[in-house]
Amino acid sequence: RDLLKPISKMDQAFYFLQPVDVVALRIPDYPTIVREPMDLGTIEKKLDASSYATTEEFVADVKLVWYNARLYNPVGSVVHEAARALEKAFDDRLEALVGSCDRPAPPAPDSDAADGVPASKLR
């Protein structure tokens, strides 16, 4: 959720906050091109319902939003470029988060230590 919120608040996220309305947008071919629609609002609802068994499932849905937008909208279009920008922002945030998880944990404190002095110095 902490990963998605800042992305959803970006100006370009407007296009991706709810499912594509093929009637209002007059794009009847959308369902024939985009076989598995996904949007950030649906992802938020799935997060609220704890529908994701793994982080990978969540990431796959977010990436599907960008993929669908690039698939349907031509290069250079505002929606295609917005998807590219948001994908980069998401990937950068994800890498920063995962990178911080990959760092080794600090060594455990010596259980025999007294007052912050290692046991080896107490002997």
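Note that this is a predicted model, so its numbers are computed, not measured. (Residues numbered from 1 in each chain as written. Predicted model: local features only at pLDDT ≥ 70, side-chain atom pairs only at ≥ 80, totals over all residues. Heavy atoms only, no water.)

Engineer: What exactly am I supposed to notice about the side chain of E87 here?
Structural biologist: Within the fold, E87 resides in helix α5 (residues 78–102). For E87, the contacting residues outside a window of four places in its chain are W66 and R70. (Helix = DSSP H or I, 4+ residues; strand = E, 2+ residues; numbered from the N terminus. Contact = heavy atoms within 4.5 Å.)

Engineer: So what exactly am I meant to see when it comes to helix α3 (residues 40–48) here?
Structural biologist: Helical periodicity: at 3.6 residues per turn, an α-helix aligns residues three or four positions apart in one direction. If you check which residues of α3 are buried, you get L40, I43, E44 and L47. Buried residues along α3 cover an arc of 100° about the axis, so they all sit on one side. In α3, the exposed positions that point more than 90 degrees away from the buried face belong to K45 and D48. For α3, the elements touching its buried residues are α1 (4–8) and α4 (55–72). Structurally, the start of α3 carries an N-cap: the backbone nitrogen of G41 is 3.0 Å from a side-chain oxygen of D39. (Buried < 20%, exposed > 50% of the residue type's maximum accessible area, 1.4 Å probe, protein only. Arc of directions from axis to C-beta. Polar contact = N/O pair within 3.5 Å; in protein donor to acceptor, adjacent residues only side chain to side chain.)

Engineer: Help me out: how do you make sense of the confidence of the model for the protein in this one?
Structural biologist: Close reading of the predicted structure is inappropriate where its pLDDT is low. Mean pLDDT for the protein: 86, with 80% of residues reaching 70 or above. Confidence drops under pLDDT 50 across residues 111–123; counting only partners more than four residues distant or on other chains, this segment forms 10 contacts. (pLDDT = per-residue confidence, 0-100.)

Engineer: Just to check I follow, could you spell out α4 for this structure?
Structural biologist: If you check α4, its first and last C-alpha atoms are 26 Å apart, about what 18 residues at 1.5 Å a residue would give, namely 26 Å. Every buried residue of α4 is listed here: F58, V59, D61, V62, L64, V65, W66, N68, A69 and Y72. (Expected span 1.5 Å × (residues − 1).)

Engineer: I tried to follow the pattern of salt bridges on my own but got confused; where do I start?
Structural biologist: Opposite charge on two side chains makes pairing possible when the charged atoms of those side chains draw close. Inspection of every chain in the model, using the stated rule, returns 6 salt bridges. Across the pair E44 and K5 runs a salt bridge, and its minimum N-O distance is 3.7 Å. On the criterion of sequence distance, the pair formed by E44 in helix α3 and K5 in helix α1 is long-range, its members being 39 residues apart. We classify E44 as buried; its relative accessible area is 17%. Look at K5 and you get partly exposed, because its relative accessible area is 38%. (Salt bridge = Lys/Arg side-chain N within 4 Å of Asp/Glu carboxyl O.)

Engineer: Would you mind showing me how to read the packing of α3 against α4 here?
Structural biologist: A packed helix pair is summarised by two numbers, namely the angle formed by the two axes and the spacing between the axes. Taken N-terminus to C-terminus, the directions of α3 and α4 make an angle of 170°; their axes are 10 Å apart at the nearest point. Relative to α4, the element α3 is oriented roughly antiparallel. Listed contacts from α4 to L40, I43, K46 and L47 of α3 are F58, D61, V62, V65 and W66. When the residues that make up the contact of α3 with α4 are grouped by side-chain class, the tally is 7 nonpolar, no polar and 2 charged. (Axes fitted to C-alpha atoms, helices over the stretch in contact; angles between N-to-C directions. Parallel < 35°, antiparallel > 145°, perpendicular 65-115°, else oblique. Nonpolar A, V, L, I, M, F, W, Y, C, P; charged D, E, K, R; others polar.)

Engineer: Sorry, what's going on with unusual backbone geometry here?
Structural biologist: Apart from glycine, the bulk of residues carry a negative phi angle, and the bulk of peptide bonds sit in the trans form. The phi dihedral of R26 is positive, around 55°, even though this residue is not glycine. Looking at where R26 falls in the secondary structure, it is placed in the loop between α1 and α2 (30–33). Residue S50 is not a glycine yet carries a positive backbone phi of 55°. Mapping S50 onto the fold places it in the loop between α3 and α4. S50 sits in the exposed class, given a relative accessible area of 62%.

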